[in-house]
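# Commentary on secondary and tertiary structure
The lines below spell out each chain.
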Amino acid sequence: MPLTPLDIHNKEFSTGFRGYNIDEVNEFLDQVIKDFELLIKEKKEAEERVAILNERVDYYKSLEENLSKSILVAQETAEDVKSNARKEAQLILKEAEKNADRIVNEALAKSRKIAIEIEELKKRASVYRMRFRTLLEAQLEMLENGAWDDIEQADSAVAVE
C-alpha cells in the first residue's frame, strides 16, 4: 500500500540516547508532507488530464471511423451515380440511333417516292410532248393540204346564200 501524507504525519520515531533533533526531523517531515501532497495532487491532475485526453482520443477515433464509413458510402454512391449515368447515356444513344435510323428510312422512302413521281412526270411530259407534236403535225398537214381552202369556200357559199 502506498505511503500517504497522513502516514508521514503520524509517523513517530523512537528516541534514543543522543538521537536526532526532534525539531529538525519534524520540520523535514513537514516539508516531505507538503512535497508529497503536491506530488499526489499533480498525479491526480495528470490522471484526470489523461482521462480527458483518452476521451478525446476515443471521440476522434469514433469520428474517424464515421468519416471513413461516410467516405466509403460517398464513393459507392458516386460509383452508382456514374454507373446510372453511363446506362442512361447508353439508352439515350440507342434511342437517338433508333430515331436517326427512322429518320433516314423515312427520308429514303420519301426520296424513292419523289424519284417515282419524277419518272411518272417525265413519262407524262413525254406523252404530252408526243401528243402535242402529233396535234401540231396534224394541224400543219391540214394547212398544207388545202383543207382550209375547202373551209373558206364552204364559208363563202354559206354567206352567199
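Residues numbered from 1 in each chain as written. Predicted model: local features only at pLDDT ≥ 70, side-chain atom pairs only at ≥ 80, totals over all residues. Heavy atoms only, no water.

### Concerning the overall build of the protein
On a plain count of helices and strands, the protein comes out with 3 helices and 0 strands. Scanning the protein from its N terminus toward the C terminus, one meets helices and strands in the order α-α-α. For 161 residues, the compact-globule formula gives about 15 Å, and the C-alpha radius of gyration of the protein, at 62 Å, lies well above that figure. Among the 161 residues that make up the protein, the fraction classed as buried is 3%. Of the accessible surface of the protein, which amounts to about 15400 Å², a share of 58% is contributed by carbon and sulfur atoms. (Helix = DSSP H or I, 4+ residues; strand = E, 2+ residues; numbered from the N terminus. Rg over C-alpha atoms; globule rule 2.2 N^0.38 Å. Buried < 20%, exposed > 50% of the residue type's maximum accessible area, 1.4 Å probe, protein only. Areas by Shrake-Rupley, 256 points an atom, 1.4 Å probe, with all protein chains shown as cover.)

### Points about the confidence of the model for the protein
Averaged over all residues, the pLDDT of the protein is 88; the fraction at 70 or higher stands at 93%. Averaged pLDDT values for the elements of the protein fall to 68 in helix α3 (residues 147-160) and rise to 93 in helix α2 (residues 22-145). (pLDDT = per-residue confidence, 0-100.)

### A few points about the packing of aromatic side chains
Summed over the entire model, instances satisfying the criterion amount to 2 aromatic pairs. Centroid distance Tyr 59 to Tyr 60: 5.4 Å. Interplanar angle 65°. Geometry classified as edge-to-face. Ring geometry for Tyr 128 and Phe 132: centres 6.0 Å apart, planes at 15°, overall stacked. Placement of both Tyr 128 and Phe 132 in helix α2 is noted, with a separation of 4 residues, approximately one turn of the helix. (Phe/Tyr/Trp six-rings, centres within 6.5 Å; stacked < 30°, edge-to-face > 60°.)

### Description of the UniProt feature "coiled-coil region" (unreviewed entry) in the protein
The positions UniProt marks with the feature "coiled-coil region" (unreviewed entry) are residues 29-124. The span residues 29-124 is 100% helix and 0% strand, and its two end C-alpha atoms sit 138 Å from each other. (UniProt positions renumbered as here; feature names shortened; annotations may be inferred.)

### Topic: a nonpolar patch on the surface
Taken together, the side chains of Tyr 59, Tyr 60, Leu 63 and Leu 67 define a hydrophobic patch exposed on the protein surface, amounting to about 420 Å² of accessible area. Relative to the helices and strands, Tyr 59 resides in helix α2. Residue classification places Tyr 59 among the partly exposed residues on the basis of a relative accessible area of 48%. (Patch = residues over 30% accessible without salt bridge, like charges linked within 9 Å, V, L, I, M, F, W, Y side chains within 5 Å. Salt bridge = Lys/Arg side-chain N within 4 Å of Asp/Glu carboxyl O.)

### Observations concerning the pattern of salt bridges
Here the structure, examined in full by the defined rule, presents 6 salt bridges. Glu 47 is the salt-bridge partner of Lys 43, the closest N and O atoms lying 3.6 Å from each other. With a gap of 4 residues between them, Lys 43 and Glu 47 both fall in helix α2, about one helical turn apart. Overall, Lys 43 belongs to the exposed group, its relative accessible area being 53%. The exposure class assigned to Glu 47 is partly exposed, which follows from its relative accessible area of 46%.

### A word on the environment of Thr 4
The residue Thr 4 is located in the segment before α1 (5-10) in this model. Classification of Thr 4 as partly exposed rests on a relative accessible area of 31%. Between the alpha carbons of Thr 4 and Glu 37 there is a distance of 8.2 Å; along the sequence they are 33 residues apart.

### Overview of a negative patch on the surface
Together, Asp 23, Glu 24, Glu 27 and Asp 30 line one region of the surface with negative charge. Among the structural elements, Asp 30 can be located in helix α2. (Lys, Arg positive; Asp, Glu negative; His and termini not counted. Charge placed at Lys NZ, Arg CZ, Asp CG, Glu CD.)

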